[in-house]
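# Tertiary structure, described
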Amino acid sequence: MTTATNTPAVRTEEHDGIFVITIDRPKARNAIDGATARALAAAIDRLESRDDLRVGILTGAGGVFSAGMDLKAFAAGDTPIIEGRGFAGITRTRITTPLIAAVEGYALGGGTEMALACDMIVAARNATFGQTEVHYGIVPPEGGMVRLPERIPRNIALELLLTGDHLTAERAERFGLVNYLTEPGQALQRARELATGIALNAPLAVAAVKRVVNERQAFSDQDAFVEQDRIAAPVLASHDAQEGAHAFAERRSPHWQGR
């Protein structure tokens, strides 16, 4: 069953445990103003609050992911920064559900930072990323300086951050920033396929994997294993762990209960 909800700036759709969030301001190249940021934050809260929603996808309408901050709105005193949640209500929010960016066209400035806040990126070959802030005497404080050097080689990240040059999707894929390249217009479909593969798996296990991977850098090797074991123990002792083993032995599909 597919259900959908809409606001003037953001559309959402859910189907088979996959929640698609679409920025819907194509005339503004999906730039983020205050209302859009609040709608995106509400959509993320919905994703996080529902156990039946297993994977989220963030994308943009009209062949563009997002041109970043709506500068006209910002000049009028309207900010897309939400206190405690960052740009678009996403970049500084702790999101436990796997989130995939499906990128077509431009993802610039805050658009790149939103994509970096996602766990995986599927991009059309004509997509373009970029942290151009240095051209305007500012810096990218919503993930560009923090996340980009973690996702691609440090020297390449510095090149992009210091020059403000654009990064093509094909070059981004070579550096490992992009999981899959598609033909133009196909990024969302490929992201759905990736999301389906995740949504089929045991929810407790998926949540534990994301948490350990995201928190790994905060610990030394020894401490990381201790923290990993603490997070993994309830998963290994869960009903779903038993169900997975029985389903394998009985040659049937598992029936996950999230407990």
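Just so it is clear, the model here is predicted, and its values are computed rather than measured. In this numbering scheme, every chain counts its residues from 1 along its sequence in written order. Local features in this predicted model are restricted to residues whose pLDDT is 70 or higher, and side-chain atom pairs enter the listing and the counts only when it is 80 or higher, whereas totals over whole chains, interfaces and linings include all residues. To get the side-chain values, all heavy atoms of the structure are used, and hydrogens and water are removed first.

The next point concerns the side chain of T91. Here a helix means four or more residues in a row that DSSP labels H or I, a strand means two or more in a row labelled E, and each is numbered from the N terminus. Tracing the sequence through the fold places T91 in the loop between β6 (86–87) and β7 (99–103). For the exposure calls, accessible area comes from a 1.4 Å probe over protein chains only, and a residue counts as buried if that area is under 20% of its type's maximum, exposed if over 50%, partly exposed in between. Overall, T91 belongs to the buried group, its relative accessible area being 3%. A polar atom in the side chain of T91 sits 2.6 Å from the side chain of E142. Non-local contacts of T91, meaning those with residues more than four positions away in its chain, are made with R85, G86, E113, M114, A117, E142 and R147. Here a polar contact is taken to be a pair of N or O atoms separated by no more than 3.5 Å, where protein atoms must pair a possible hydrogen donor with a possible acceptor and residues adjacent in sequence count only if both atoms sit in side chains. Contacts are assigned to residue pairs that have any heavy atoms within 4.5 Å of one another.

A separate point is the layout of surface pockets. The method works on a 1 Å grid over the protein atoms by themselves. A cavity is a set of points holding a 1.4 Å probe that cannot get out, a pocket is an open set with protein on both sides within 12 Å along at least five of seven lines, and residues with an atom within 4 Å of a point line them. Grid points are joined across faces, edges and corners, and a volume is the space filled by probe spheres set on the points. Reported here for the largest pocket is a volume of approximately 1,500 Å³. Along the wall of the largest pocket there are 49 residues; nearest its centre are I95, T96, D119, K210 and N214. Mapped onto the lining of the largest pocket, the elements with two or more residues apiece are α1 (34–49), α3 (110–117), α4 (144–151), α7 (187–199), α8 (203–215) and α9 (221–236). When residues of the lining of the largest pocket are assigned to their parent elements, the largest contribution, 11 residues, is made by α8. Side-chain classes follow a simple rule in which Ala, Val, Leu, Ile, Met, Phe, Trp, Tyr, Cys and Pro form the nonpolar group, Asp, Glu, Lys and Arg form the charged group, and the remainder, Gly included, forms the polar group. By residue class, the composition of the lining of the largest pocket is 24 nonpolar, 10 polar and 15 charged. A volume near 680 Å³ is recorded for the second largest pocket. Together, 25 residues line the second largest pocket, and A67, G68, M69, L71 and G109 are the ones closest to its centre.

Turning our eyes to something else, we now look at the sheet that holds strand β10 (residues 128–130). Hydrogen bonds along the backbone pair up the strands of a sheet, which may run parallel or antiparallel. Pairing between strands is defined by DSSP: at least two bridges between the two strands are required. Spatially, the three strands line up as an open sheet ordered β8-β10-β11, and their pairing is mixed. Both outer strands of the open sheet, β8 (106–108) and β11 (166–168), are each paired with one neighbouring strand and no more. The average angle at which neighbouring strand axes cross in this sheet is 20°, direction not considered. The pairing of β10 with β11 spans three bridges and is classified as antiparallel. Pairing of T128 across the sheet is with T168, part of β11. Relative to β8, α3 is tilted by about 90°, and along the sheet it contacts β8 and β10. To obtain an axis, a line is fitted to C-alpha atoms, over the contacting stretch when the element is a helix, and the angle between two such axes runs from 0 to 180 degrees between their N-to-C directions.

What follows concerns the pairing of strand β9 (residues 120–124). Moving residue by residue along a regular strand, the side chains alternate between the two faces of the sheet. Among the five residues in β9, five count as buried, and that is most of the element. Of the two faces of β9, the one lined by M120, V122 and A124 and the one lined by I121 and A123 are each fully buried. Pairing geometry for β7 and β9, over four bridges, is parallel. Counterpart to A102 in the pairing with β9 is V122. Across three bridges, β9 lies against strand β12 (residues 180–182) in parallel orientation. The residue of β12 that forms the bridge with A123 is L181.

Counted residue by residue, β7 has five buried out of five residues, so it is predominantly covered. Burial along β7 is two-sided: the residues L99, A101 and V103 and I100 and A102 are all buried. One ladder, built from four bridges, connects strand β4 (residues 55–60) with β7; its direction is parallel. Bridge pairing links L58 to A101 in β7.

Side chains that differ in sign of charge can pair as their charged atoms come close. The term salt bridge refers to a side-chain nitrogen of Lys or Arg lying within 4 Å of a carboxyl oxygen of Asp or Glu. Overall, the coordinates contain 18 salt bridges when judged by the stated rule. Between E215 and R211 there is a salt bridge, and its shortest N-O distance comes to 3.2 Å. Here R211 and E215 lie together in helix α8, a separation of four residues that amounts to about one turn. For R211, a relative accessible area of 32% translates into the label partly exposed. Through salt bridges with shared partners, a single network forms among E14, R46, R50 and D52.

Turning our attention to the side chain of S238. On the secondary structure map, S238 appears in the loop between α9 and α10 (239–249). Residue contacts for S238: discarding those within four places in its chain leaves L204 and R259.

A pair of aromatic rings is counted whenever rings of Phe, Tyr or Trp (Trp by its six-membered ring) have centres within 6.5 Å, and the orientation is called stacked for planes under 30 degrees apart, edge-to-face for over 60 and tilted otherwise. Overall, the coordinates contain zero aromatic pairs when judged by the stated rule. The aromatic ring of Y106 is capped on one face by R29, whose charged end is 5.6 Å from the ring centroid. Placement of a positive charge over a ring is assigned whenever Lys NZ or Arg CZ falls within 6 Å of the ring centre and within 35 degrees of the normal to the ring plane. The ring of Y180 has R190 lying over it, and the distance from NZ or CZ to the ring centre is 4.0 Å.

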